[in-house]
Amino acid sequence: MLGVFWAEDGGLPANDRGLAYGDGLFETILMVGARGTLVGYHLDRLVRDAGRLGIPVTRAEVQEVYDRAASHYGHSRADTRWVLKLILTRGAGGRGYRPDPDMTPNLLVSASAAPPGVPSEGVAVTYSRIPLTVNPLIAGIKSLNRLEQVMAARELSEEVFEVLQSNGDGELLEGTRTNLLLYTTEGWITPPSESLAVAGVMRDWVLGRLEARGDLVIERPLLPEHIVGPGCRAFYLLNSVLGVVAVRNLAGQDLPVDRGLATICDPLKTLE
């Protein structure tokens, strides 16, 4: 059983646990008209990670809501790019942190305009002053608990497209809304999945495509000196709405720019 709420009809109840405690998770899907990108990846992750949180929802339920939403919002948007957001919470009711085991999950559905495209020459990024703490029990889950990312995002400006967050050991983990991928003379390097606050679907898809064509993909801690060192061929930010974003400058230091990965891994090729 799943309660479905449409944002334009008033949204979630005031006593929803997603609002009170961040007790839930979400997906944002890039849409073109009534078709979505990486839909299977998004819906599979939503159901899988809901299971990790103990929120009962089936793949068939979320697929049915996605189909309705794609038709409902996409009909008036034709070939326009837009973003579908699905927020799944444990449900409404009760007081205190301990949830009622018989709660009915709620799913809030909304649509918004897609962000502007990124410049082809690449973007400028810098390091965040806000460290990122990842609890191993919820690592990788795109939960509603995003305060560290919210605080870090306050450092963004017109000149700075993204800020990179690190852990207590100085290892770079991700951006406020992006995963990191470094192309070097020894292969592709990305921080380990278990170290990430959000293991993005764009990251999964890109890594899968690289491995399928025989490229060496290495998951290991990423340090600033790896990016600005002589072995760097290109540095990318990955996001399922923005796609593959090349970085041209990191904290004032110019980096080599290669747009090839953006061509190979264009999420619009996954429209369904």
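Definitions and cut-offs
- Residues numbered from 1 in each chain as written.
- Predicted model: local features only at pLDDT ≥ 70, side-chain atom pairs only at ≥ 80, totals over all residues.
- Heavy atoms only, no water.
- Axes fitted to C-alpha atoms, helices over the stretch in contact; angles between N-to-C directions.
- Helix = DSSP H or I, 4+ residues; strand = E, 2+ residues; numbered from the N terminus.
- Parallel < 35°, antiparallel > 145°, perpendicular 65-115°, else oblique.
- Left-handed = near helix turned anticlockwise from the far one by under 90°.
- Contact = heavy atoms within 4.5 Å.
- Nonpolar A, V, L, I, M, F, W, Y, C, P; charged D, E, K, R; others polar.
- Salt bridge = Lys/Arg side-chain N within 4 Å of Asp/Glu carboxyl O.
- Buried < 20%, exposed > 50% of the residue type's maximum accessible area, 1.4 Å probe, protein only.
- Core = buried A, V, L, I, M, F, W, Y, C linked by side-chain atoms within 4.5 Å.
- Pairing = 2+ DSSP bridges.

S.K.: Before we go on, may I ask you to explain the packing of helix α2 (residues 39-53) against helix α3 (residues 59-74) in this structure?
M.R.: Between two packed helices, what matters for the description is the angle formed by their axes and the separation of those axes. Taken N-terminus to C-terminus, the directions of α2 and α3 make an angle of 135°; their axes are 9 Å apart at the nearest point. As far as their axial angle goes, α3 and α2 are oblique. The way α2 lies across α3 gives a crossing that is right-handed. Residues V39, G40, L43, D44, L46 and V47 of α2 form the contact with α3, whose own contacting residues are R59, V62, Q63 and Y66. Its residues assigned to classes, the contact of α2 with α3 shows six nonpolar, two polar and two charged.

S.K.: Help me understand the pattern of salt bridges in this model?
M.R.: A side chain with one charge may pair with a side chain of the opposite charge, provided their charged atoms come close. For the structure shown, the criterion picks out 12 salt bridges. Note that R17 and D23 form a salt bridge whose closest N and O atoms lie 2.8 Å from each other. Look at R17 and you get buried, because its relative accessible area is 4%. Between D49 and R48 there is a salt bridge, with its nearest N and O atoms 3.6 Å apart. You can call D49 buried: its relative accessible area is 2%. Each of R17, D23 and R90 takes part in a single network of salt bridges with overlapping partners.

S.K.: Honestly, the nonpolar core in this entry has me stumped. Any pointers?
M.R.: The tendency in soluble globular proteins is for nonpolar side chains to be buried as a group. In terms of nonpolar packing, the biggest core is built from 25 residues, with I29, Y66, L84, L88 and V109 touching the most fellow members. The element best represented in this core is α3, accounting for six residues. Setting aside residues up to four positions removed in sequence, I29 forms contacts with G36, T37, V39, H42, L43, Y66, W82, V83, L84 and L86. Of all hydrophobic cores here, the second largest spans 19 residues; its members include V123, F235, V245 and L255.

S.K.: Could you clarify how one ought to interpret the sheet that holds strand β2 (residues 24-32) in this entry?
M.R.: By way of backbone hydrogen bonds, the strands of a sheet pair with one another, either parallel or antiparallel. Within the open sheet, the five strands sit side by side as β1-β5-β4-β2-β3. Their pairing is mixed. Strands at the two margins of the open sheet, each flanked by one partner only, are β1 (3-6) and β3 (35-36). As paired strands, β2 and β3 are joined by two bridges and run antiparallel to one another. When the bridges of β3 are listed, V32 appears paired with R35.

S.K.: Can you walk me through the pairing of strand β7 (residues 162-166) in this structure?
M.R.: Two faces, one strand: in a regular strand the side chains alternate between the faces of the sheet. Among the five residues of β7, five are classified as buried, and the element is accordingly described as predominantly covered. With burial as the criterion, each face of β7 is covered, one bearing E162, L164 and S166 and the other bearing V163 and Q165. Pairing of strand β6 (residues 123-127) with β7 involves three bridges; the strand directions are parallel. When the bridges of β7 are listed, V125 appears paired with E162. Relative to strand β8 (residues 172-175), β7 is paired through three bridges, and the arrangement is antiparallel. Within β8, the residue paired with L164 across the bridge is G175. Between the antiparallel neighbours β7 and β8 lie five residues, among them G170 with a positive phi of about 85°.

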